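Take a look at the letters that make up each chain.
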Amino acid sequence: MDDWIDYYDSTHTIYVSKLHRDVHFRVIANDILAYVPSPEAVVLDYSCGEALFAAQVAAACQKLVLAEPAPGVRGRLTARFGPNPKIVVRSLDELAQLPDQSTDLAVMISVAQYMTAAELEGAFALMRRILKPGGRLVLGDILRPEVGAATDVMALLKLAVKNGFLTDALWGLARTALSDYWQLRQSIGLQRYSEADMLARLKTAGFEAKLAPKNVGYNPARMTFLATPRS
Ligand SMILES: C[S@@+](CC[C@H](N)C(=O)[O-])C[C@H]1O[C@@H](n2cnc3c(N)ncnc32)[C@H](O)[C@@H]1O
């Protein structure tokens, strides 16, 4: 599914305005913060995207590893957070160098839908290996098979109304309708998982997992799973 990585590396319009982008990454950072277990924690954000508010997460932990496959996004992360001694930026391949049982919290939010089954399995194996006993994987924004694109549009519009960017959201939706995003969404598609399917995959990967009461981010129709390494 490298086409999705190329998409996220391009000058895409998935965020309808600067305000939308800021609101999105602030919400995500706040939700990650709620899962940081202690100020000593080592945290991995797997496919973090622009992670605009990563400094706030880093301030609440000992070390934050921002991992991102898109090279252009990674370049901006390095430029933005290079001076922050608590943040390191890595490619996904470089995560192989992380020591076993070195991480307290791994988050992967709004990423599984872009992965092949093999990529998802690989990511789970990596996180299973690097998480400490008692550590946690937060797997967020998982699309259910039965929920369609209209629900995503409604979630965006609600966020836009709440944060004052409705006009931009309507224009943005019109722009996105003509863009690569919907073409890719139609041609490659997004991977969807039922609750039982994802729980089974996490179990196979060596985790004890459960559905969180609330999804991270702002789309309540999607799911978040909380998983800990099985001893
Ligand atoms: C919707 S963004 C999510 C970014 C961030 N986690 C957030 O919640 O805002 C999707 C991210 O997945 C990454 N991505 C796309 N395809 C991927 C793949 N096959 N494997 C791993 N990451 C991928 C993109 O580079 C991008 O950073």
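Computed from a predicted model, the values in this text were never measured in an experiment.

A. Looking closely at the site of the ligand. Around the ligand, the structure places 17 residues, and the nearest of them are Trp4, Tyr8, Ser47, Gly49 and Tyr114. Split into classes, the residues belonging to the shell around the ligand amount to twelve nonpolar, three polar and two charged.

B. Summary view of the environment of isoleucine 142. Within the fold, isoleucine 142 resides in strand E5 (residues 131-142). Its 24 C-beta neighbours within 10 Å are what place isoleucine 142 among the buried residues. Taking the C-alpha atoms as reference, isoleucine 142 lies 9.0 Å from glutamate 195; in sequence the two are 53 residues apart. Residue contacts for isoleucine 142: discarding those within four places in its chain leaves Ala112, Tyr193, Met198, Arg222, Met223 and Phe225.

C. Local environment of the environment of alanine 41. Mapped onto the secondary structure, alanine 41 falls in the loop between helix H2 (18-33) and strand E1 (42-46). In this structure alanine 41 comes out as partly exposed when scored by C-beta crowding, with 19 C-beta atoms within 10 Å. Each C-alpha atom, one on alanine 41 and one on threonine 204, is 26 Å from the other, the two residues being 163 residues apart in sequence. The contact partners of alanine 41, leaving out residues within four places of it in the chain, are Val36, Cys61, Gln62, Asp104 and Leu105.

D. Quick peek at the environment of glutamate 121. As for its position among the elements, glutamate 121 is in helix H5 (residues 117-130). We classify glutamate 121 as partly exposed; it has 14 C-beta atoms within 10 Å. Along the backbone, glutamate 121 and aspartate 100 are 21 residues apart, and their C-alpha atoms lie at a distance of 17 Å.

E. The nonpolar core, seen in detail. Core analysis: the biggest nonpolar cluster contains 52 residues, and Leu64, Leu66, Ala106, Val107 and Met108 have the highest contact counts within it. Looking at which element gives the most residues to this core, the answer is H5, with six residues.

F. Quick look at H5. Compared with an ideal rise of 1.5 Å per residue, which puts 14 residues at 20 Å, H5 spans 20 Å between its outermost C-alpha atoms and is within 8% of the ideal. Of all the residues in H5, the buried ones are Leu120, Ala123, Phe124, Leu126, Met127 and Ile130. On an axial view of H5, the arc spanned by its buried residues comes to 160°, and they lie on one face. For H5, the exposed residues set more than 90 degrees away from the buried face come down to Ala117, Ala118 and Ala125. Elements in contact with the buried residues of H5: E1, strand E4 (103-109), E5 and helix H9 (195-204).

G. Region of interest: the sheet that holds strand E3 (residues 87-90). The sheet built from seven strands is open, its strands ordered E3-E2-E1-E4-E5-E7-E6 with mixed pairing. Edge strands, defined here as strands with exactly one partner in the open sheet, are E3 and strand E6 (207-211). Here the average twist between neighbouring strands, direction ignored, is 20°. Each of strand E2 (63-67) and E3 touches helix H4 (residues 71-81); the most contacted strand, E3, lies at about 165° to it. Along the sheet, H5 contacts E1, E4, E5, E6 and strand E7 (223-229); its crossing angle with E5, the most-contacted strand, is approximately 150°.

Rules behind the numbers
- Residues numbered from 1 in each chain as written.
- Predicted model: local features only at pLDDT ≥ 70, side-chain atom pairs only at ≥ 80, totals over all residues.
- Near = placed C-beta within 6 Å.
- Nonpolar A, V, L, I, M, F, W, Y, C, P; charged D, E, K, R; others polar.
- Helix = DSSP H or I, 4+ residues; strand = E, 2+ residues; numbered from the N terminus.
- Buried ≥ 20, exposed ≤ 12 C-beta atoms within 10 Å, placed from the backbone.
- Contact = placed C-beta atoms within 7 Å.
- Core = buried A, V, L, I, M, F, W, Y, C linked by C-beta atoms within 7 Å.
- Expected span 1.5 Å × (residues − 1).
- Arc of directions from axis to C-beta.
- Pairing = 2+ DSSP bridges.
- Axes fitted to C-alpha atoms, helices over the stretch in contact; angles between N-to-C directions.

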